[in-house]
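# Commentary on secondary and tertiary structure
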Amino acid sequence: MQSVARQVRCVSHLGTPVQFRIAATSSRIQWQCQRRSASYYNPLQWIQEKFAPKPRKADSVDEKKRSEQEKQGQQSVFEAAVSHEKRPKTKSTETAPTVVKKKATEHKYSTANFKISHRKLNMIGRQISGKPIDHAIVQMQFSEKRATSRIKSMLATAKLHATAYKNMDPSKLIVSEAWVTKGPKQLKRLEPRGRGKFGIRVHPDSRMHVILREGKTFEQLKKEQRERRLRRIVSAGLVREDVPLRNPARTWQW
């Protein structure tokens, strides 16, 4: 009897841990599955899906009521504004007024300060002053002076700005005025001399300003020049009808 009871005790003692182990392993697997599923689940995603705006389903009964109220004029202020926005926009036959750019009379432009004497630059300014813009550019293109390349690019830019921004006629543009000013800062350096003396060397910089205005074209100037030269012709066999006679002779000479 003692042996039988001892065996039953052992079996019962061995059976409980087996059940406990099975339960422990199953709970661990379940907890791991829950943890894995929780890792894939994002609460922010749930909030976005829950509160995301969705298209409202149109109700036929409500649409009929609103259409009847709109016909009778019994809508509220907000419903009337919404219905007015939903109406298809009709194209108006009226054309938009055209904006006309105001035509300017002159255009001022200048170069930047660069290293050159104002006396040398003033000679170039007197060369282009009073000439049509195209002829001034040609003069700068074939000149042998060092600063003419900078002046040529400045004149081309001034012509482009006057035609694009101020609506001026490029064929009538002339360099009406051209003047030169000294730069704000002129570098001064020491110049060593003999017997331990020194002088001061000035490195000048200056800039050129121009004003473009509309004037006579080159063809008009050539025509006027030809007319002036024809007026100066004095010949016995040439009779000019455009000039009145001065000191006319008498009809009878006896």
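Only a predicted model underlies this, so the values are computations on that prediction, with no experimental measurement involved.

Looking now at a positive patch on the surface. A surface patch of like charges, here positive, comprises Lys115, Lys120, Arg146 and Arg150. On the basis of relative accessibility, which here comes to 56%, the residue lysine 115 falls in the exposed class.

The interhelical angle for the contact between helix H6 (residues 133–141) and helix H7 (residues 148–165), taken along N-to-C directions, is 160 degrees, at an axis separation of 8 Å. Between H6 and H7, the interaxial angle falls into the category roughly antiparallel. Of the two possible hands of crossing, H6 and H7 adopt the one that is left-handed. Residues Ile133, Asp134, Ala136, Ile137, Met140 and Gln141 of H6 pack against Thr148, Ile151, Lys152, Leu155, Ala156 and Lys159 of H7. Per-class residue counts for the contact of H6 with H7 are 7 nonpolar, 2 polar and 3 charged.

Another aspect to go through is a nonpolar patch on the surface. Judged by side-chain polarity, Leu44, Trp46, Ile47 and Phe51 come together as a nonpolar surface patch covering roughly 460 Å² of accessible area. Judged by its relative accessible area of 40%, isoleucine 47 is partly exposed.

Listing the buried residues of H6 in full gives Ile133, Ala136, Ile137 and Met140. One face of H6 carries all of its buried residues, which in axial projection span an arc of 100 degrees.

A separate point is helix H5 (residues 118–128). All of the buried residues along H5 are Leu121, Ile124, Gly125 and Ile128. Mapping the buried residues of H5 onto a view down its axis gives an arc of 105 degrees, with all of them on the same face. Residues of H5 that are exposed and point over 90 degrees away from its buried face: Arg119 and Arg126. Buried residues along H5 sit in contact with H6, H7, strand S2 (173–182) and strand S5 (206–214). Looking at the residues trailing H5, positive phi occurs at glycine 130, about 85 degrees.

Right, let's talk about the pairing of S5 for a bit. Bridge analysis of strand S1 (residues 106–110) against S5 gives 5 bridges, and the strand direction is antiparallel. In the strand pairing of S5, tyrosine 109 is matched with valine 210. Alignment of S2 against S5, held across 9 bridges, turns out to be antiparallel. Across the sheet, valine 180 pairs through a bridge with methionine 208, a residue of S5.

Moving on: the nonpolar core. Judged by nonpolar contacts, the single largest core of 21 residues is most densely connected at Leu121, Ile128, Ile151, Leu155 and Met208. Put simply, the parts of the chain that give this core at least two residues each are H5, H6, H7, S2 and S5. Residue contributions to this core peak at 5 residues, all from H7. Apart from residues lying up to four places away in sequence, leucine 155 is in contact with Ile128, Ile133, Ala136, Ile137, Met140, Val175 and Val210.

Let us now look at the pattern of salt bridges. Applying the stated criterion across every chain yields a total of 6 salt bridges. Two residues, glutamate 191 and arginine 193, come together in a salt bridge whose shortest N-O distance is 3.8 Å. One salt bridge in this structure joins glutamate 191 and arginine 201, with 2.8 Å as the shortest N-O distance. In this pair, glutamate 191 is assigned in strand S3 (residues 187–192) and arginine 201 in strand S4 (residues 198–203), connecting sequence segments 10 residues apart. Assessed through its relative accessible area of 41%, arginine 201 is described here as partly exposed. Beyond isolated ion pairs, a larger network of salt bridges with shared partners links Glu106, Glu177 and Arg213.

The rules behind these values
Residues numbered from 1 in each chain as written. Predicted model: local features only at pLDDT ≥ 70, side-chain atom pairs only at ≥ 80, totals over all residues. Heavy atoms only, no water. Patch = residues over 30% accessible without salt bridge, like charges linked within 9 Å, V, L, I, M, F, W, Y side chains within 5 Å. Areas by Shrake-Rupley, 256 points an atom, 1.4 Å probe, with all protein chains shown as cover. Salt bridge = Lys/Arg side-chain N within 4 Å of Asp/Glu carboxyl O. Lys, Arg positive; Asp, Glu negative; His and termini not counted. Charge placed at Lys NZ, Arg CZ, Asp CG, Glu CD. Buried < 20%, exposed > 50% of the residue type's maximum accessible area, 1.4 Å probe, protein only. Axes fitted to C-alpha atoms, helices over the stretch in contact; angles between N-to-C directions. Helix = DSSP H or I, 4+ residues; strand = E, 2+ residues; numbered from the N terminus. Parallel < 35°, antiparallel > 145°, perpendicular 65-115°, else oblique. Left-handed = near helix turned anticlockwise from the far one by under 90°. Contact = heavy atoms within 4.5 Å. Nonpolar A, V, L, I, M, F, W, Y, C, P; charged D, E, K, R; others polar. Arc of directions from axis to C-beta. Pairing = 2+ DSSP bridges. Core = buried A, V, L, I, M, F, W, Y, C linked by side-chain atoms within 4.5 Å.

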